Amino acid sequence: MRRCDLPARDLRLLDPLFVYPSTILGREKAIVVNLEQIRCIITADEVLLLNSLDSYVLQYVVELQRRLTAAGVNEVWQSEGDTNRRRSRNFDNVFGNTSPDYLPFEFRALEVALEAACTFLDSQAAELEIEAYPLLDELTSKISTLNLERVRRLKSRLVALTRRVQKVRDEIEQLMDDDGDMAEMYLTEKKSRMEASFYGDQSVLGYRSNDIQSISAPVSPVSSPPDTRKLEKSLSIARSRHESMRSSDSTTDSVEELEMLLEAYFVVIDSTLNKLTSLKEYIDDTEDFINIQLDNVRNQLIQFELLLTTATFVVAIFGVVAGIFGMNFTIPFFDEPAAFKWVLIITGVCGIIIFCAFVWFFKYRRLMPL
């Protein structure tokens, strides 16, 4: 906190015991980055990395070393327990470099962190796509409890990954929309202005002290202020002047470099989000298709039940006729040898006519397909 001038609530974002969403915070002397596995503090000339022995973080370290070496930066890596610290010094005059390809150290470190997070999320989205599409196609061809359970787990992973990607996208978009936050992240520029202001005030104070000594009598060493007090006074003057310069230049700071950097990775993370959105839409379409199939099967069962109920009603007519003729009474019709045959024929014909009438009525009312 003393070294990077950070409040405790910003350091909680880096605590591995807590799960915080992706965050990029620009402060006076540092940038606090929490992007997936990359949790670090970036200053104008060093990076403090958490979990430096993790393979994912080691890839970040190797990539940052490679880019700094290619840019002509002399770097020194120091290990402090579970934290890696990186100091850098450019052989050229980095503050006076006006090349359009130049990026200060903090932006290079931030770019590698953004690239690592975007690449990691995009690879997870690609793996999810490779697993999802065959599974969904199998589900459409065979609806089973096992396939439904696998799709449910897949959808849970998709929702969790989409939430993470959406948070990174929103964080980048929020930074791009706020020029003040982007201006706060120009650490190298603020450091150079602080140093220039400090050395300028120091030279002015030295010049004035020489003039005073030359025109006045010797001053007792006891009454003269100590060097530490002079240094504190000059630092306070430089700090106040720096604050005034920062407040006056906050509206005129050029944030074009950082904005273009964030815009590039915003496009990348937005593409990943579009992949996940397309996959979610495919899952929703598959669910709709399955629901349509199930509704069709349910309708067919209802139609079959309707026909079966109608056929049961027709068969029940034979039971009614048998019940009528089974009563204990005597009529001459019982003495006819062909009476039983005619009763069966007439009852069957009536039953068929009634069944056909019911079917025609169901089709007329569109209760059954034509």
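Residues numbered from 1 in each chain as written. Predicted model: local features only at pLDDT ≥ 70, side-chain atom pairs only at ≥ 80, totals over all residues. Heavy atoms only, no water.

If you check an unreviewed UniProt entry, the chain appears there as Magnesium transporter MRS2-1 from Citrus sinensis.

Tracing the chain through its elements places asparagine 274 in helix H8 (residues 256-325). Residue classification places asparagine 274 among the partly exposed residues on the basis of a relative accessible area of 41%. Spatially, the C-alpha atoms of asparagine 274 and threonine 162 are 9.7 Å apart, while their sequence positions differ by 112 residues. (Helix = DSSP H or I, 4+ residues; strand = E, 2+ residues; numbered from the N terminus. Buried < 20%, exposed > 50% of the residue type's maximum accessible area, 1.4 Å probe, protein only.)

Val47, Tyr60, Ile172 and Leu258 are the most contacted members of the largest nonpolar core, which has 61 residues in total. Mapped onto this core, the elements with two or more residues apiece are strand S2 (31-35), strand S3 (38-42), strand S4 (46-50), helix H2 (55-70), helix H3 (105-141), helix H4 (145-177), helix H5 (179-184) and H8. Sorting elements by how many residues they give to this core places H3 first, with 18 residues. With residues up to four places along the chain from it excluded, the contact list for leucine 258 reads Phe107, Leu110, Met182, Met185 and Tyr186. (Core = buried A, V, L, I, M, F, W, Y, C linked by side-chain atoms within 4.5 Å. Contact = heavy atoms within 4.5 Å.)

Right, let's talk about the confidence of the model for the chain for a bit. Here the chain averages 78 in pLDDT, and 76% of its residues register 70 or above. Contacts of residues 208-231 to residues separated by more than four positions or lying in other chains number three contacts, the stretch itself having pLDDT below 50. Under a pLDDT of 50 for its full length, residues 247-253 has, in the predicted model, four contacts with residues more than four places off or in other chains. (pLDDT = per-residue confidence, 0-100.)

Running from N to C, H3 and H4 point in directions that differ by 155°, and their axes come no closer than 10 Å. By the angle between their axes, H3 is roughly antiparallel relative to H4. Every pair of crossing elements has a handedness; the one defined by H3 and H4 is left-handed. Taking contact as the criterion, the partners of Leu114, Phe120, Leu121, Gln124, Ala125, Leu128, Glu131, Ala132, Leu135, Leu136, Glu138 and Leu139 in H3 are, on H4, Asn147, Leu148, Arg150, Val151, Leu154, Arg157, Leu158, Leu161, Arg164, Val165, Val168 and Ile172. Counted by class, the contact of H3 with H4 contains 17 nonpolar, two polar and five charged residues. (Axes fitted to C-alpha atoms, helices over the stretch in contact; angles between N-to-C directions. Parallel < 35°, antiparallel > 145°, perpendicular 65-115°, else oblique. Left-handed = near helix turned anticlockwise from the far one by under 90°. Nonpolar A, V, L, I, M, F, W, Y, C, P; charged D, E, K, R; others polar.)

Within the secondary structure, glutamate 36 sits in the loop between S2 and S3. Glutamate 36 gets classed as buried once you look at its relative accessible area, which sits at 16%. A distance of 2.6 Å separates the side chain of glutamate 36 from the side chain of arginine 164, its partner in a polar contact. Other than its neighbours up to four places away in sequence, glutamate 36 contacts Ser22, Ala117, Phe120, Leu121 and Arg164. (Polar contact = N/O pair within 3.5 Å; in protein donor to acceptor, adjacent residues only side chain to side chain.)

It is worth spelling out the pairing of strand S1 (residues 23-26) at this point. Across four bridges, S1 lies against S2 in antiparallel orientation. Opposite leucine 25, over in S2, you have valine 32 as the bridge partner. Between the end of S1 and the start of S2, which pair antiparallel, lie four residues. (Pairing = 2+ DSSP bridges.)

Time to look at H2. A rise of 1.5 Å per residue sets the reference length of H2, with its 16 residues, at 22 Å; its end C-alpha atoms lie 23 Å apart and thus fit the reference within 8%. Backbone nitrogen of tyrosine 56 and a side-chain oxygen of the N-cap are separated by 3.0 Å at the start of H2; the cap is aspartate 54. (Expected span 1.5 Å × (residues − 1).)

On to the packing of aromatic side chains, then. What the rule picks out here adds up to seven aromatic pairs. Ring geometry for tyrosine 56 and phenylalanine 120: centres 5.1 Å apart, planes at 70°, overall edge-to-face. With tyrosine 56 in helix H2 and phenylalanine 120 in helix H3, the pair connects residues that are 64 residues apart, well separated along the chain. Grouping residues by exposure puts tyrosine 56 and phenylalanine 120 together as buried. Centre to centre, the rings of phenylalanine 107 and tyrosine 186 are 4.8 Å apart; their planes meet at 85°, and the pair counts as edge-to-face. Linking phenylalanine 107 in helix H3 with tyrosine 186 in the loop between H5 and helix H6 (187-215), this pair joins segments that are 79 residues apart in sequence. Overall, phenylalanine 107 belongs to the buried group, its relative accessible area being 0%. For tyrosine 186, a relative accessible area of 8% corresponds to the buried category. (Phe/Tyr/Trp six-rings, centres within 6.5 Å; stacked < 30°, edge-to-face > 60°.)

All told, the structure shown has 22 salt bridges when counted by the stated rule. Taking the shortest distance from any N to any O, the salt bridge between arginine 27 and aspartate 10 comes out at 2.7 Å. Taken together, the residues span a long stretch of sequence, with arginine 27 in the loop between S1 and S2 and aspartate 10 in helix H1 (residues 8-11) at a distance of 17 residues. Judged by relative accessible area, which is 3%, aspartate 10 ranks as buried. Of the charged contacts, one joins aspartate 122 and lysine 275 as a salt bridge, the two residues approaching to 3.2 Å between their closest N and O atoms. Placement of the pair is aspartate 122 in helix H3 and lysine 275 in helix H8, with a sequence separation of 153 residues. Looking at aspartate 122, the relative accessible area reads 23%, which means it is partly exposed. Among the ionic contacts, a cluster of salt bridges with common partners joins Glu63, Arg66, Arg67, Glu111 and Glu115. (Salt bridge = Lys/Arg side-chain N within 4 Å of Asp/Glu carboxyl O.)

In the contact formed by H8 and helix H9 (residues 339-364), the axes pass within 10 Å of each other and the chain directions differ by 155°. Accordingly, the angle class assigned to the pair H8 and H9 is roughly antiparallel. Note that H8 runs across H9; the crossing there is right-handed. Facing H8, whose interface residues are Leu306, Leu307, Thr310, Ala311, Phe313, Val314, Ile317, Phe318, Val321 and Phe325, H9 presents Val343, Leu344, Thr347, Gly348, Gly351, Ile354, Phe355, Phe358, Val359 and Phe362. Considering only residue class, the contact of H8 with H9 consists of 16 nonpolar, four polar and no charged.

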